[in-house]
Structure formats: C-alpha cells, structure tokens
Amino acid sequence: MDGRLIYLMGPSGSGKDSLIEAAREPLRAGNCEVVRRVITRSAESVGEDAIEVSREEFDRRRAKGDFALSWQANGLSYGIPARIDQWLADGRDVLINGSRAHLAEAQQRYPTLLPVLLTVKDEALRERLLRRGRESPAEIEARLHRNALFTADDSIGDTQIRRLDNSGDLAGTVANLLKLLNLSAKPDQT
Ligand SMILES: Nc1ncnc2c1ncn2[C@@H]1O[C@H](COP(=O)(O)OP(=O)(O)OP(=O)(O)O)[C@@H](O)[C@H]1O
Ligand SMILES: O=P(O)(O)OC[C@H]1O[C@H](OP(=O)(O)O)[C@H](O)[C@@H]1O
C-alpha cells in the first residue's frame, strides 16, 4: 500500500525547517520519512539539513531524473530526491518541505498528497527572518514581498489545505502536526 506524501509549505521564516527538525524523531517513530532537499544555496549559509550543490550539478541531476519534484524560488533551485517514490511504494509516509508556488504541479504528479500550510502572524514573520539573519536585508524584504503576494492570492485558500499555525511555541506546533497526521509522540521511556 502506498504511503502518504505530506507536503509542508509556508512563508520563508514561518518555521518549516524548525518544525521538521523538532518533529524528526516522532515522525520517524510513526513510520514517516523526512527527505533531505537538494538546494543550490551556498554551503556557507546557515540553514536546514540540505544537500548543497552548484547550479551545474543541480541541472545535471535533474536531467538524469534524480528528482521527484523540483522548482525555483528566491533565486535558488530546489530538488526532492526521487527515492521518495520507493518509500511511498513501500507504504512509508514521506514529509517534504515544499513550495507554495509549486503546489499545483506537485498535486499533478501526486494527486493524493496532503498539503499542510504553516502560517505565522505577519509581525512575527519579519522578526523571525531578521533574527535568523541568513539573508541580507534586501533578500529578507524580497521574501516578505513574495509572501504578501501569496497572502493576496486566493488560490492558496484551497479547502483541502490543512493549516497549522506556528505563531506560538514550537512544541505546540509539533504536537498539532502529529495530531493532524494521526501520529502520536513515542511514549517517554525514561
Ligand atoms: N515557534 C517558533 N517560535 C519562535 N521562533 C521560531 C519558531 N519557529 C521557528 N522559529 C525561528 O524562526 C526562524 C525561521 O525559522 P525556519 O528557518 O525554521 O523557517 P523556514 O520556514 O524553514 O524558512 P525558509 O523557508 O526560509 O527556510 C528561525 O530563526 C527559527 O529559530
Ligand atoms: O515561497 P514559496 O514558493 O512557498 O517557497 C519557496 C521556497 O523557499 C523556501 O526555501 P528557503 O527559504 O530557501 O529555505 C521554501 O522552503 C521553498 O522551498
């Protein structure tokens, strides 16, 4: 039986990487794999647990069919390794860090994917991006501008999208994610 593909998306700075990191162990315990993305980000920049490659290497891998999904955003290229198809075929759930702009294409390839939109209050978003300090002030403004365009766009209001608010503390968001996926945290063995 095929596993579920969970497509986590949300504004840059909403906390997708933090949520994935904090939920990694309970997800694994619930038979849900988290795939590492391939990104053309420079290796020096602080960020998620991703595989950093040059643009040439990214294009080579894409041409070779290494990616189940790939897209461009924020001046970068992102790829989801094709191995997720084997995990899904084996009946394991897979969670990926997706892009709102790529949702429709992802749904074409995976019609039953579960879209989860991570949200955060506007005032917290700017503050989090600035505090993280990974991008320059101009890049942060560009990301906030990109988010404002999405907020103004009704297409992301698809009723199938499950919304998860991360304006509060991360532990609460982890618990809500596990609840949404019908997975519960592994009982504390200590
Ligand atoms: N619930 C939370 N409360 C306070 N700070 C948080 C919370 N969740 C995440 N953060 C902080 O907000 C910043 C942005 O989080 P993170 O990098 O996980 O976002 P992201 O959605 O993965 O962004 P991007 O798409 O740009 O990679 C980080 O500095 C992180 O520590
Ligand atoms: O704005 P949208 O299309 O939702 O997402 C664009 C991409 O930007 C972010 O990546 P990062 O901030 O470079 O890590 C997201 O994770 C996504 O992959």
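Please read all numbers here as calculations on a predicted model, not as lab measurements.

## Quick word on the UniProt feature "binding site: ATP" (unreviewed entry) in the protein chain
Residues annotated by UniProt as "binding site: ATP" (unreviewed entry) correspond here to Gly10, Pro11, Ser12, Gly13, Ser14, Gly15, Lys16 and Asp17. When only the residues just named are considered, the largest pocket is lined by Gly10, Pro11, Ser12, Gly13, Ser14, Gly15, Lys16 and Asp17. Position of Pro11 among the secondary structure elements: in the loop between strand E1 (5–9) and helix H1 (16–29). The buried category is assigned to Pro11, whose relative accessible area is 7%.

## Structural notes on the packing of aromatic side chains
With the rule as written, the count across this model stands at two aromatic pairs. With a centroid separation of 4.8 Å and an interplanar angle of 35°, the aromatic rings of Phe58 and Phe67 are classed as tilted. Summarising the burial analysis for this pair, Phe58 and Phe67 share the class buried. An angle of 15° between the planes, with centres 5.7 Å apart, marks the rings of Trp71 and Tyr78 as stacked. The two residues Trp71 and Tyr78 agree in class, both being buried.

## Topic: the environment of Gln72
Mapped onto the fold, Gln72 is located in strand E5 (residues 67–73). For the pair formed by Gln72 and Arg92, sequence separation is 20 residues and the distance between their alpha carbons is 27 Å. With residues near it in sequence (within four places) discarded, Gln72 still touches Arg55 and Ser77. A distance of 3.1 Å separates a polar atom in the side chain of Gln72 from a polar atom in the side chain of Ser77.

Cut-offs applied
Residues numbered from 1 in each chain as written. Chains lettered and ligands numbered in written order. Predicted model: local features only at pLDDT ≥ 70, side-chain atom pairs only at ≥ 80, totals over all residues. Heavy atoms only, no water. UniProt positions renumbered as here; feature names shortened; annotations may be inferred. 1 Å grid on protein atoms, 1.4 Å probe; cavity = no way out; pocket = protein on both sides within 12 Å on 5 of 7 lines; lining within 4 Å. Helix = DSSP H or I, 4+ residues; strand = E, 2+ residues; numbered from the N terminus. Buried < 20%, exposed > 50% of the residue type's maximum accessible area, 1.4 Å probe, protein only. Phe/Tyr/Trp six-rings, centres within 6.5 Å; stacked < 30°, edge-to-face > 60°. Contact = heavy atoms within 4.5 Å. Polar contact = N/O pair within 3.5 Å; in protein donor to acceptor, adjacent residues only side chain to side chain.

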